[in-house]
Amino acid sequence: MSQTASSSETIPNVLADRYASAAMKATWSAHGRILLERDFWIAVMKAQRDLGVAIPAEAIKDYERVRDDVNLARISERERTTLHDVKARLEEFSELAKHQFIHLGLTSRDLTENVEQLQVARSLELVRFKIAAALNLLAGRAREFRDVMLTGRTHNVPAQPTTLGKRFAMFGQELLIAHARVDELIARYPVRGLKGAVGTQLDQLTLLGSDATKVEKLETRIVKNLGFKAKFNAVGQVYPRSLDFDTVSALHQVGGAAASFATTLRLMAGTGLLTEGFQEGQVGSSAMPHKVNARNCERICGFSTILAGYVTMTANLAGHQWNEGDVSCSVVRRVALPDAFFAIDGLLETFLTVLRQMEVFTAVIAAENERNLPFLATTTILMEAVRAGAGRETAHEAIKLHALAAAKAIRGGGEADMINRLGGDKRVGLSKKKLQEILAQTERFVGAAPQQVDAFVASVAPIVKKQKGAAEYRPGKLL
C-alpha cells in the first residue's frame, strides 16, 4: 500500500534545517524577511513625511506598534486570493495598523529588490566573519606544524618534501584570495534604491511635486538606512541579475578553497596521516566498527558541489533581462540566493569544526618520509650532481633509471637500495658517503616552506583583528 504525505505537512529545507547556523536562517526566514520589509516601509514613510508627504505621525506610530505582529498563516491565506505575495503582505500590515500610508509611490520591486539585497549584504558580512575565523584556525595549524616535514605529492604520488604547515598555508592562501573577493564585493555592492516601475522614479516624482531634489534626498536617506554605501543610477524594474551571479560565484570561490583542503585531508586520512576528529559516541560505519571516516570533509566537498550548481543557475539569469524587467528570474532566485548562503554557511561551520578537531599523527608522517626520502631527494641529488660536474640530462636519465628500478623492487617486496644504486653510477658523480650526507640534511629539502608559513600567518593577522570576535568564534553543533 502506497503512502503519501499529508497536504498540510511541511517539507523542510534540508540546507537550512540541517546545516545552516541560526544567524543565517534568521536572515532568510519568512518571519525575518517580513520584519525587514516592515522596517523598510516605515523608513520610507518617515522620509516621505519629512519631505512633505501628508502622512500623519500617529499613523507611523500605529505601524510601528504592530510591526512585530507577524502571522504567516494569515498572510498565506491572503496570497491565495491575491496571487501576489507583496500585495498580501501589504494588505496585512495596513489592516493591522488601520491605515493605508505604506507603499506610497512604490512598486513591488522597490520593496523586494532592496530587502533581498539587504539579506544578501548581511549574509555576505556573516560569511566574511566566518572566513576570518577559518583563516585564524588555519594560521594556527600552519604555525603548529610549520617545521613538520611531509611527503609532498603531485598527481597524488610522492614528489618533493614540504611541511605540513606549508600544506595548510597553501590552502589558506586560496582562502585569502576568496576573502579578498568577498571583502571587495561587500565594499562595492550596489543597492537598487527607489526607482519605480521602470526605473524612472516617476511615481515618487509625482508624489513629491515633481521635485527631483526631494526624490534624490528620499532615495539617499533610504539607501543609508539600509546600510549601503553604493546604489545603482540607471536601472530598470530589477537590478542586473549578473550581480547575483557575482555574489554566488564569490561564495563558490570561498567553498572551493575549503573543498581543496578537505579533499587533501580525505586523502591523508586514508593513509593514516591524520584524522579530522572523531567524537565520543560517533559511529564511522554501521557494519565496520573500526572505521573512522572523514565524513565532515566529505560534506565540505558536497557543499562545494551544491554551490557550483547555484553558480550555474545564477549564470543562466545573467544576460536574460527583458527590457526593463520581468519575473522569469523569480523562482530561480527564491531558491538559489537563500540556499547558496545556507550551503556556504554549512560549509564554513563544518570547515571550522574540522580545523578545531583534527588530529595529526606525526609518527606516521615521519615513517612515510623515511620510506620516500631517497625518491623525494632526487631533484636535490640532481642539482648536487650538476654542481659536481655532471651533465644535467645525463644525470637526470641515470637518476630516473635507478629510481624506477628501486620503486619496482619495493613493489616486489624487496629493498629500494637507492643510495647504493646511485653511488655506484659514474654518470651521477656522487659517492655513497656524499649521498648519505645529502639525505641527512633533511631541513634543506623543505626549501622555503617554513618561511612561507610565517608569511601566511602574518597576512592573516590583520584580517582576524578587523573581524572582532572571529578568533573566539565556535561553530554550532552539526549533525
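Quick caveat, the model's predicted, so the values are computed rather than measured.

Trainee: Give a description of the pairing of strand β1 (residues 149-154) that names residues and reports values.
Mentor: Looking along a regular strand, one sees side chains alternate from face to face of the sheet. Bridge count for β1 against strand β2 (residues 157-163) is 5 bridges, and the pairing is antiparallel. Looking across to β2, one finds that Leu-150 is bridged to Thr-162. In this antiparallel pair of consecutive strands, β1 and β2, the connection spans 2 residues, and His-155 shows a positive phi of 60 degrees.

Trainee: I'd love a proper account of the environment of Ala-395, names of residues and values included.
Mentor: Here Ala-395 shows up in helix α16 (residues 392-411). The buried category is assigned to Ala-395, whose relative accessible area is 0%. In this structure, Ala-395 is in contact with Leu-382, Ala-385, Ala-390 and Arg-427, ignoring residues within four places of it in sequence.

Trainee: Tell me what's going on with the side chain of Gln-467, and back it up with residues and numbers.
Mentor: Counting through the fold element by element, Gln-467 comes out in the segment after α20 (449-466). Here Gln-467 is in contact with Arg-128, Phe-129 and Ala-132, once residues within four sequence places are set aside.

Trainee: Give a description of the pattern of salt bridges that names residues and reports values.
Mentor: A complete count under the given rule lists 40 salt bridges for this structure. When the shortest N-O distance is used, the salt bridge between Asp-69 and Arg-74 registers 3.9 Å. On the basis of relative accessibility, which here comes to 35%, the residue Asp-69 falls in the partly exposed class. Where Lys-400 meets Glu-397, a salt bridge forms, and the shortest distance between an N and an O atom there is 3.5 Å.

Trainee: An account of the nonpolar core is needed here, citing residue identities and associated values.
Mentor: The biggest cluster of nonpolar side chains holds 115 residues, and the ones touching the most others in it are Phe-261, Phe-351 and Phe-456. Sort the elements by how many residues they give to this core and helix α7 (residues 108-144) lands first, with 18 residues. Those residues within four positions of Phe-456 in sequence are excluded, and the remaining contacts are Leu-135, Leu-138, Ala-139, Ala-142, Ala-169, Gly-172, Gln-173 and Leu-176. Of all hydrophobic cores here, the second largest spans 25 residues; its members include Met-149, Leu-373, Ala-385 and Val-428.

Trainee: How would you explain the confidence of the model for the protein if you had to name every residue and give the values?
Mentor: Per-residue pLDDT for the protein averages 91, and the proportion of residues at 70 or more is 94%. Contacts from residues 281-290, a stretch scored under 50 in pLDDT, to residues over four places away or in other chains number 7 contacts.

Trainee: Please give an account of the packing of aromatic side chains that cites residues and values.
Mentor: If you walk through the whole model with that rule in mind, you get 11 aromatic pairs. Put simply, the rings of Phe-145, Phe-168, Phe-171, Phe-261 and Phe-351 touch in pairs and so form one group of aromatic residues. One cation-aromatic arrangement involves Arg-241 over Tyr-239; the distance from NZ or CZ to the ring centre is 4.6 Å.

Trainee: Got a sec to walk through the packing of helix α3 (residues 30-50) against helix α6 (residues 85-97)? Specific residues and values, please.
Mentor: Where α3 contacts α6, the two axes come as close as 12 Å, and the packing angle between them is 65 degrees. Taken together, the axes of α3 and α6 are roughly perpendicular relative to one another. The handedness of the crossing between α3 and α6 comes out as right-handed. Every residue of α6 that contacts α3 at Arg-33, Ile-34, Glu-37, Arg-38, Trp-41 and Ile-42 is listed here: Arg-89, Leu-90, Glu-92, Phe-93 and Leu-96. Grouping the amino acids of the contact of α3 with α6 by side-chain chemistry returns 6 nonpolar, no polar and 5 charged.

Trainee: Give me the lowdown on α20, citing residues and values where you can.
Mentor: Each α-helix turn comprises 3.6 residues. Residues three or four places apart therefore point the same way. Here α20 is 18 residues long and its end C-alpha atoms lie 27 Å apart, about the 26 Å a rise of 1.5 Å per residue gives. For α20, the complete set of buried residues consists of Ala-449, Pro-450, Val-453, Phe-456, Val-457, Val-460, Ile-463 and Val-464. The inward-facing, buried residues of α20 contact α7, β2 and α8 (164-188).

Trainee: Give a description of the layout of surface pockets that names residues and reports values.
Mentor: Taken as a whole, the largest pocket encloses approximately 1100 Å³ of empty space. With 8 residues, helix α13 (residues 330-357) is the single largest residue contributor to the lining of the largest pocket. Its residues assigned to classes, the lining of the largest pocket shows 13 nonpolar, 9 polar and 10 charged. By volume, the second largest pocket is sized at about 610 Å³. As for the second largest pocket, its lining consists of 20 residues, of which Pro-158, Phe-375, Ala-403, Leu-404 and Ala-407 are closest to the centre.

About the criteria used
- Residues numbered from 1 in each chain as written.
- Predicted model: local features only at pLDDT ≥ 70, side-chain atom pairs only at ≥ 80, totals over all residues.
- Heavy atoms only, no water.
- Pairing = 2+ DSSP bridges.
- Helix = DSSP H or I, 4+ residues; strand = E, 2+ residues; numbered from the N terminus.
- Buried < 20%, exposed > 50% of the residue type's maximum accessible area, 1.4 Å probe, protein only.
- Contact = heavy atoms within 4.5 Å.
- Salt bridge = Lys/Arg side-chain N within 4 Å of Asp/Glu carboxyl O.
- Core = buried A, V, L, I, M, F, W, Y, C linked by side-chain atoms within 4.5 Å.
- pLDDT = per-residue confidence, 0-100.
- Phe/Tyr/Trp six-rings, centres within 6.5 Å; stacked < 30°, edge-to-face > 60°.
- Lys NZ or Arg CZ within 6 Å of the ring centre and 35° of its normal.
- Axes fitted to C-alpha atoms, helices over the stretch in contact; angles between N-to-C directions.
- Parallel < 35°, antiparallel > 145°, perpendicular 65-115°, else oblique.
- Left-handed = near helix turned anticlockwise from the far one by under 90°.
- Nonpolar A, V, L, I, M, F, W, Y, C, P; charged D, E, K, R; others polar.
- Expected span 1.5 Å × (residues − 1).
- 1 Å grid on protein atoms, 1.4 Å probe; cavity = no way out; pocket = protein on both sides within 12 Å on 5 of 7 lines; lining within 4 Å.
- Points joined across faces, edges and corners; volume = space filled by probe spheres on them.

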